[in-house]
Amino acid sequence: QVFALVFVYILSQLNLKTKQVLVILFIATLLGGQSLLSIFKVVYGNYFYGPDTLYIASQIKQLPDKKIYLYGASDLIYLLSEKLPPDNYYLPSLPWYINYQPFQSKLKQSLKNTKTVIVDPEFSVDGHKLIDTTPELLSYIKMNYYLDRKIKHLEVYKLKQ
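The model shown is predicted, which means the values in this text are computed figures rather than measured ones.

A. Broad picture of the pattern of salt bridges. A complete count under the given rule lists six salt bridges for this structure. The partner of Asp 65 in a salt bridge is Lys 158, and the shortest N-O contact between them spans 3.4 Å. Here Lys 158 lies in strand β6 (residues 154-159) and Asp 65 lies in the loop between α3 (51-61) and β1 (68-71), a separation of 93 residues in the sequence. For the pair Asp 65 and Lys 158, a shared accessibility class is recorded, and that class is buried. Ionic pairing is found between Arg 149 and Asp 148, a salt bridge with its closest N-O pair at 3.1 Å.

B. Local environment of the pairing of strand β2 (residues 116-119). By the alternation rule, side chains of β2 split into Thr 116 and Ile 118 and Val 117 and Val 119, which are all buried. Pairing of β1 with β2, which is carried by four bridges, proceeds in the parallel orientation. Counted as the bridge partner of Tyr 69 is Val 117 from β2. The sheet contact formed by β2 and β6 spans four bridges and is antiparallel. Residue pairing across strands places Ile 118 opposite Val 156, the latter belonging to β6.

C. Summary view of the side chain of Ser 81. By secondary structure assignment, the location of Ser 81 is in helix α4 (residues 76-81). What makes Ser 81 buried here is its relative accessible area of 1%. Here Ile 77 takes part through its backbone oxygen, which lies 2.5 Å from a polar atom of the side chain of Ser 81. Non-local contacts of Ser 81, meaning those with residues more than four positions away in its chain, are made with Ala 57, Ile 60 and Lys 61.

D. A look at the packing of aromatic side chains. Across all of its chains, the model carries five aromatic pairs by this definition. For the ring pair Trp 96 and Tyr 97, a centre distance of 6.5 Å and an interplane angle of 50° mean the geometry is tilted. Given the relative accessible area of 51%, Trp 96 is considered exposed. Pairing Tyr 100 with Phe 103 gives two aromatic rings, centres 4.9 Å apart and planes at 70°, and the pair type is edge-to-face. Since its relative accessible area comes to 31%, Phe 103 is described here as partly exposed. Members of the aromatic cluster, connected to one another through ring pairs, are Trp 96, Tyr 97, Tyr 100 and Phe 103. One cation-aromatic arrangement involves Lys 106 over Tyr 89; the distance from NZ or CZ to the ring centre is 5.3 Å.

Definitions and cut-offs
Residues numbered from 1 in each chain as written. Predicted model: local features only at pLDDT ≥ 70, side-chain atom pairs only at ≥ 80, totals over all residues. Heavy atoms only, no water. Salt bridge = Lys/Arg side-chain N within 4 Å of Asp/Glu carboxyl O. Helix = DSSP H or I, 4+ residues; strand = E, 2+ residues; numbered from the N terminus. Buried < 20%, exposed > 50% of the residue type's maximum accessible area, 1.4 Å probe, protein only. Pairing = 2+ DSSP bridges. Polar contact = N/O pair within 3.5 Å; in protein donor to acceptor, adjacent residues only side chain to side chain. Contact = heavy atoms within 4.5 Å. Phe/Tyr/Trp six-rings, centres within 6.5 Å; stacked < 30°, edge-to-face > 60°. Lys NZ or Arg CZ within 6 Å of the ring centre and 35° of its normal.

Right under this line is the structure:
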């Protein structure tokens, strides 16, 4: 809008013939129209939430537990499924956090009150699978939880009674 105002003002200050002004306005209209068309042609979308993530979140949302632990699964699932981390203790699924003993102890403590753990066995960081780089936590999960079902590639573990 500002450009159009300045452009018209500059044209009015130049001593141009009517044909020259019309040619300049025609060219300006073509260029402006092309810009507007490019805006309408672009398909905007949500690049963070892929169809798989949305499907998985919808399935996890149906689980009765309000608090779950996502081990390697996308952290977006907490938000999209309206679930919370155990004891509201959020720890990213990264080996340098999970292998740090004070964090791991707090996580294990919070898992005692959590009935559902979602594991992504394929999640990797720098080419190394999380389940291979954090064996202590994985063994804790497998010792205290049983495999209930799978949602796509994710494994849903339930607390042993």
